[in-house]
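Read off the chains here:
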Amino acid sequence: MLNRRSALTVGTFAGPAAFGTGLGTARAASRDTSPGRMRGAAPGAAGSRPPVIPAVRTSEPGAARWRPSPATRIVLPPPDSRRLGDEARVLAAELCGDGHLDRPPRIVERHSASPHDVLLRTGKLDESDSSEAYRVDAGAALTVTGGSAAGVFYGTRTLLQTLRQRGEFAGRVVDWPEYGQRGLMVDVGRKYFTPGWLERMIRELAWLKCNVLHLHLSDSSGFRIESESHPEIVTRPALSKAEVRRLIAVAEDCHVTLVPEIDSPGHLEAVLEARPELRLIRKDGTVEPSKLDYSKPAARRLIKDLVAEYAELFPGGWFHLGGDEYFGYPWEEDRLTGENAPQLLEYARSVAGPRATLLDGFTSYLNDLVSVVAARGKRAKVWNDHIVPAAPGSGRVELDRRVEIEVWVRWNTDEPSVTDFLEADYDVLNGHGDHLYFILAPDQQHEKGKKSAQGLYDLWTPRTFMREPGEDLRLAAGQPVSGAHLSIWCDNPDFQSEREVAEAVHPWLRSFAQQMWGSPKPAATYEEFVPLIEAVGEAPALGSRSYGG
């Protein structure tokens, strides 16, 4: 009754270098060599605000001190025993794997806890109606109460990070996030990342209370996921569907949503090498190797097939349709136009009337894919590049209002801004192309400035969008933002190995997680934040597990 899927086996993790294999290396599981004792205590005395990332919103000191012991059990009240079984199993494995206990504690179903136990339960919190809110109370037993299973899970993150540094937990914490989507995008299209590496990254996100992993599965140099509908387009090596299902299971344990992206109608060179008849050909005969000619019914069918295939594979509520960098940049003289790509204009007029523009055809193409996604119970996301809100009565094709617009760039002030999208009643996600772009390329990762962990902590906020390259626009507090994600873009895929990417992005993720949670910063500057990054460390590893089927 306590086990919805399968059993965990306990393992350990030695640090960022372990991303080379994805499973980590063994560390002695004795309490004397637990991570907190190896690294030393974080700033702050026991009983003060817990030294965690992200920092908690509220905490109260208390006389009671709770610490794990050989008598510790994880207790689930009968109403919660089914819904919190996974959270209990994960915590049991981590308490052992992180060196606090010699073996995983028993998980029992009881109405009340005894001294030394951890009680996990769901319930309403007066301080916040967020489903991700949680409260941790230390006493003879320790109680974690969450607004949902996700809230309980985040409470255990705060518990484990505190135990790692102090060996005990004192007082009360009540905590909740400011933004609903707190994520990372990984460009697996241009660089193949092994399933083990991606699994570790899921656990890292969860350790920091981030809840989205966006997989950019296709790009011009690779289509990196198995396809049954169109096997001819797959670039090897690629993720198998069995590997993806395992990642989905890990993500479910960690309350991380996997968001697949099939980017079109641009960035498709790898796909179009197998289907050259679907490439866009300009009026003068120039072949566009990475651009899909979506005026062709066969081209539209291909993308619909792929979107449908992966929308059924991934269980989360989102699907990213891409849509970026198709027509060209504003300064390019040879941008796609109705004159040099007349078939696209003809298509637009066939679906939107004789006065339609290229953008009307492009938006109609995206709306068709939105319908494919919606039919499978999901919402679509798109990049903002070619999205122009249609004024009422303009006769222009409107992008479906169910779509969330990911705002990463504004090339100049003549293009729509984030405020234009909000005024047109679209949900927006912050993907800032300066601050939030971790790029595998020389001179793209810095110690200071916009593209750095320091810049994320000291300069950026989740409401900081791009006014134009190099300049920022900060939304007012009342304007809604769904969240944000940090992006790992593999412009030069061989520039860094998996291990090097993990090591380099490690501090970026910590700065990002702190900003996204919305709690008071634990340090005034990034320089003062660094010791806490080192003390909190990496997520505990759970070792290998079997998911079945």
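Remember, it's a predicted structure, so these values are computed and weren't measured experimentally. (Residues numbered from 1 in each chain as written. Predicted model: local features only at pLDDT ≥ 70, side-chain atom pairs only at ≥ 80, totals over all residues. Heavy atoms only, no water.)

(A) Just the overall build of the chain, in detail. Scanning the chain from terminus to terminus reveals 13 helices and 22 strands. A total of 549 residues make up the chain; the buried ones form 61% of that total. Look at the contacts in the chain between residues 6 or more apart in sequence, and 75% of them connect residues 24 or more apart. Surface exposure of the chain reaches about 20,500 Å², of which carbon and sulfur atoms provide 49%. (Helix = DSSP H or I, 4+ residues; strand = E, 2+ residues; numbered from the N terminus. Buried < 20%, exposed > 50% of the residue type's maximum accessible area, 1.4 Å probe, protein only. Contact = heavy atoms within 4.5 Å. Areas by Shrake-Rupley, 256 points an atom, 1.4 Å probe, with all protein chains shown as cover.)

(B) Broad picture of the sheet that holds strand β4 (residues 118–122). As summarised here, the arrangement of the seven strands in space is β1-β7-β5-β6-β4-β2-β3, forming an open sheet in which the pairing is mixed. Of all strands in the sheet, those with a lone pairing partner are β1 (58–66) and β3 (106–109), marking the two edges. Going from strand to strand, the sheet's axes swing by 20° on average, the running direction of each strand aside. As defined by bridge partners, strand β5 (residues 134–138) adjoins strand β7 (residues 169–175) across four bridges and the pair is classed as antiparallel. When the bridges of β7 are listed, D137 appears paired with R172. (Pairing = 2+ DSSP bridges. Axes fitted to C-alpha atoms, helices over the stretch in contact; angles between N-to-C directions.)

(C) Layout of the pattern of salt bridges. Scanning all chains against the criterion turns up 31 salt bridges. Between R65 and E168 there is a salt bridge, and its shortest N-O distance comes to 3.3 Å. Taken as a pair, R65 in strand β1 and E168 in the loop between α3 (149–166) and β7 lie far apart in primary sequence, 103 residues in all. Between D219 and R190 there is a salt bridge; the shortest N-O distance is 3.9 Å. Residue D219 is found in strand β10 (residues 218–219), and its partner R190 is found in the loop between β8 (181–187) and α4 (195–207); the two are separated by 29 residues along the sequence. Linked by salt bridges that have partners in common, D187, R190, D219 and D491 make up one network. (Salt bridge = Lys/Arg side-chain N within 4 Å of Asp/Glu carboxyl O.)

(D) Layout of the nonpolar core. Within the largest apolar cluster, 140 residues are counted, with the highest numbers of intra-cluster contacts made by L120, F314 and I488. If sequence neighbours within four positions are ignored, F314 has contacts with L215, L217, I225, V244, I248, L258, P260 and K378. If you look at the next biggest cluster of nonpolar residues, it comprises nine residues, including V409, I439, A441 and W489. (Core = buried A, V, L, I, M, F, W, Y, C linked by side-chain atoms within 4.5 Å.)

(E) Focus on the packing of aromatic side chains. Enumeration according to the criterion identifies 22 aromatic pairs in this entry. Plain terms: the ring middles of W408 and W411 are 5.9 Å apart, the flat faces sit at 90° to each other, and that makes the pair edge-to-face. Plain terms: the ring middles of Y526 and F529 are 6.4 Å apart, the flat faces sit at 55° to each other, and that makes the pair tilted. Here F529 and Y526 lie together in helix α13 (residues 526–536), a separation of three residues that amounts to about one turn. Overall, the relative accessible area of 0% leaves F529 in the buried class. One aromatic cluster is present, built from ring pairs that chain together Y329, W331, W383, W408, W411, Y437 and W489. (Phe/Tyr/Trp six-rings, centres within 6.5 Å; stacked < 30°, edge-to-face > 60°.)

(F) Representation of the side chain of D117. Here D117 shows up in the loop between β3 and β4. Among the polar contacts made by the side chain of D117, one reaches the side chain of R73 at a distance of 2.7 Å. There is a polar contact of 2.9 Å between the side chain of D117 and the backbone nitrogen of S114. Aside from chain neighbours lying at most four places away, what touches D117 is W66, A71, T72, R73, V75, A141 and L142. (Polar contact = N/O pair within 3.5 Å; in protein donor to acceptor, adjacent residues only side chain to side chain.)

(G) The arrangement of α3 in detail. Taking 1.5 Å as the rise per residue, α3 with 18 residues should run 26 Å; its terminal C-alpha atoms sit 26 Å apart, in good agreement. Counting buried residues in α3 gives 18 out of 18 residues, a clear majority hidden from the surface. For α3, the N-terminal capping position is held by S148, with its side-chain oxygen 3.2 Å away from the main-chain nitrogen of A150. Note on α3: the residue one or two positions beyond its end, G167, has a positive phi of about 80°. (Expected span 1.5 Å × (residues − 1).)

(H) Main features of the confidence of the model for the chain. When pLDDT is averaged along the chain, the result is 91; 90% of the residues meet or exceed 70. For the stretch residues 1–47, pLDDT sits under 50, and the model shows 136 contacts to residues farther than four places along the chain or on other chains. Under a pLDDT of 50 for its full length, residues 543–549 has, in the predicted model, 21 contacts with residues more than four places off or in other chains. (pLDDT = per-residue confidence, 0-100.)

(I) Inspection of the environment of R467 at higher detail. Relative to the helices and strands, R467 resides in strand β20 (residues 464–468). Sequence separation between R467 and N412 is 55 residues; the distance between their C-alpha atoms is 7.8 Å. For R467, the residues in contact, after removing those within four places along its chain, are R410, D472 and L473.

(J) Layout of unusual backbone geometry. Residue P54 is reached from I53 by a cis peptide bond, and omega for that bond is -5°. Looking at the secondary structure, you find P54 in the loop between α1 (35–39) and β1. Here the phi dihedral of H255 falls at roughly 55°; this positive angle occurs in a residue that is not glycine. Non-glycine residue D443 carries a positive phi angle of around 65°.

(K) The packing of α4 against helix α12 (residues 498–517), seen in detail. Two elements in contact, α4 and α12, have axes separated by 12 Å at closest approach and are oriented at 10°. When the axes of α4 and α12 are compared, the pair comes out roughly parallel. You can see that α4 and α12 cross each other, and the crossing is right-handed. Between α4 and α12, the contacting residues are W197, M201, E204, L205 and W207 on the first element and E498, V501, A502, V505, H506, L509 and R510 on the second. (Parallel < 35°, antiparallel > 145°, perpendicular 65-115°, else oblique. Left-handed = near helix turned anticlockwise from the far one by under 90°.)

(L) Layout of the packing of helix α2 (residues 85–97) against α3. Contact geometry for α2 and α3: axes closest at 10 Å, N-to-C directions at 10°. Compared by their axis directions, α2 and α3 come out roughly parallel. Taking contact as the criterion, the partners of E87, V90, L91, E94 and L95 in α2 are, on α3, A149, F153, T156, R157, L160 and L163.

(M) Looking closely at α2. Helix length check: α2 (13 residues) gives 18 Å between terminal C-alpha atoms against 18 Å at 1.5 Å per residue, within 8%. Burial of α2 is extensive: 13 of the 13 residues sit out of reach of the surface. Once α2 finishes, G99 follows within two positions and takes phi at roughly 90°, a positive value.

(N) Expanded view of the pairing of β20. Relative to strand β21 (residues 471–474), β20 is paired through four bridges, and the arrangement is antiparallel. Residue pairing for β21: F465 is matched across the bridge by L473. Between the antiparallel neighbours β20 and β21 lie two residues, among them G470 with a positive phi of about 90°.

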